[in-house]
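Secondary and tertiary structure notes
Read off the chains here:
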Amino acid sequence: MKIPGKIPGVNRIRRFARRCRNQLQPGSLILLYHRVTDVSCDPWGLSVTPQHFAEQLQVLRQYTQLTQLRRLSQDVAEGKHHRRNVVVTFDDGYADNLHNAKPILERYDVPATIFVTSGYVDREREFWWDELERLFLQPGALPQQLELNINGCQYQWDLGEFANYTESTYQQHRYWKAEREEPPTPRQLVYYEIWKLLRVLPEGDRDRILDRLLAWAGMTAGSRSTHRSLSLAEVAVLERGSLVEVGAHTIAHPFLCSLPLSSQKQEIYHSKAQLEELLGHEVTSFSYPFGNYTSDSVAIVRDAGYDCACATIHASVQRHSNLFELPRVEIQDWNGEEFARRLSRWFDV
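Residues numbered from 1 in each chain as written. Predicted model: local features only at pLDDT ≥ 70, side-chain atom pairs only at ≥ 80, totals over all residues. Heavy atoms only, no water.

Turning to helix H3 (residues 69–77), its buried residues are Leu 69, Leu 72, Ser 73, Asp 75 and Val 76. Summarising the axial view, the buried residues of H3 lie within an arc of 160°, below the 170-degree limit, and thus occupy one face. In this structure, the buried side of H3 is in contact with strand E1 (27–33), strand E5 (83–92), strand E6 (112–116), strand E12 (285–287) and strand E13 (308–310). Gly 79 lies just past H3 and shows a positive phi near 70°. (Buried < 20%, exposed > 50% of the residue type's maximum accessible area, 1.4 Å probe, protein only. Helix = DSSP H or I, 4+ residues; strand = E, 2+ residues; numbered from the N terminus. Arc of directions from axis to C-beta. Contact = heavy atoms within 4.5 Å.)

What follows is the structure, given as structure tokens:
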């Protein structure tokens, strides 16, 4: 995709950014991205288009001080004062981070940390939430009735007339966002209710439920080219050059507070070890899946030898911030003008 050097409304962006520059309060921002791609259905708002990502980086490059997560965490550890520092991070480890995001990061010379879910590297299945989206939110026919036994509890759903999800109905509802909007059809309702149930399950139980759902739907496991995770070779390529650093994001992307301490330790310690073996150097940063953790999780991350960990607390980083609960601001698919407006607001609070 060709990205122009100038973007619409650039004068307004400059005014917003000037206000941002003049009214900043002490503190830094860590930005949270997941994907840089164009997708037709994105119920969790994980994707930013390449066009908008370039516009956002242009705003950051012109009006903020961009730094690496490692440098920011060192400054926080030393109690140093910050103004207008911004760090770019990605969670999960989608292949588009390499193929779409990295070239744009290089174009604007913006460093980033990409937190990789090590158990999904080279995996031939999609991230479980994407597999669930493929099952329920794509057009096609499904059986009308669904019954599942999860942890000894029996669940039943009826898709009614939406068992046959037509292309026109799909187009009508493909912009639906979970947790922000009411489900417009039983398809979205069932998707969201099963998502909540699967989120807290151990990986093995979760995969068994997904296998049952695939069999019920007459589908097979696999990975769409638009939704695949990084391969082993791609993780190594991701770090080539000086801009991108890889951090850990557990093995299986669990809801940590639902796991016993022994399983939390395995997820946190082994993801570090797996990535270090792949990359040939120490991995020093971590992010909590779903932003979910407990005080025990924080202690395990610290004991595992990480230097810092990122949460999803919507706040700026201060000199007294906890290095293992660093706040981040989640970024949506905003154009440059909207991004500049929000950036100004974030720095003002």
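As a further point, take the pairing of strand E8 (residues 145–150). Of the two faces of E8, the one lined by Leu 146, Leu 148 and Ile 150 is fully buried and the one lined by Gln 145, Glu 147 and Asn 149 carries no buried residue. Between E8 and the antiparallel strand that follows it, strand E9 (residues 153–158), lie 2 residues; Asn 151 among them carries a positive phi value of about 55°. (Pairing = 2+ DSSP bridges.)

A separate point is the layout of surface pockets. Within this model, the largest pocket holds a volume of roughly 570 Å³. Surrounding the largest pocket, 23 residues form its lining, His 34, Trp 44, Leu 46, Phe 290 and Glu 330 being those nearest its centre. At the level of secondary structure, the elements contributing two or more residues to the lining of the largest pocket comprise E5 and helix H7 (186–199). Considering only residue class, the lining of the largest pocket consists of 10 nonpolar, 7 polar and 6 charged. Considering the residues around the second largest pocket, the lining is formed by 16 residues, among which Val 39, Asp 42, Ser 47, Lys 177 and Asp 333 are closest to the centre. (1 Å grid on protein atoms, 1.4 Å probe; cavity = no way out; pocket = protein on both sides within 12 Å on 5 of 7 lines; lining within 4 Å. Points joined across faces, edges and corners; volume = space filled by probe spheres on them. Nonpolar A, V, L, I, M, F, W, Y, C, P; charged D, E, K, R; others polar.)

A few words now on the nonpolar core. Phe 53, Phe 90 and Tyr 288 are the most contacted members of the largest nonpolar core, which totals 68 residues. Per-element accounting of this core gives the leading share, 6 residues, to helix H2 (residues 50–63). Once you skip the residues sitting within four places of it in the chain, Phe 90 turns out to touch Tyr 33, His 34, Arg 35, Val 36, Phe 53, Asn 97, Ala 101, Leu 105, Ala 112, Thr 113, Ile 114 and Phe 115. Membership of the second largest hydrophobic core comes to 37 residues, among which are Trp 129, Trp 157, Ala 178 and Trp 195. (Core = buried A, V, L, I, M, F, W, Y, C linked by side-chain atoms within 4.5 Å.)

Right, let's talk about the packing of helix H5 (residues 128–136) against helix H8 (residues 203–217) for a bit. Look at H5 against H8: their axes get within 11 Å of each other, and the N-to-C directions meet at 20°. By the angle between their directions, the pair H5 and H8 is classed as roughly parallel. When the axes of H5 and H8 are compared, the crossing they make is left-handed. Along its contact with H5, which presents Trp 128, Glu 131, Leu 132, Arg 134, Leu 135 and Phe 136, the element H8 presents Arg 206, Leu 210, Leu 213, Leu 214, Trp 216 and Ala 217. Per-class residue counts for the contact of H5 with H8 are 9 nonpolar, no polar and 3 charged. (Axes fitted to C-alpha atoms, helices over the stretch in contact; angles between N-to-C directions. Parallel < 35°, antiparallel > 145°, perpendicular 65-115°, else oblique. Left-handed = near helix turned anticlockwise from the far one by under 90°.)

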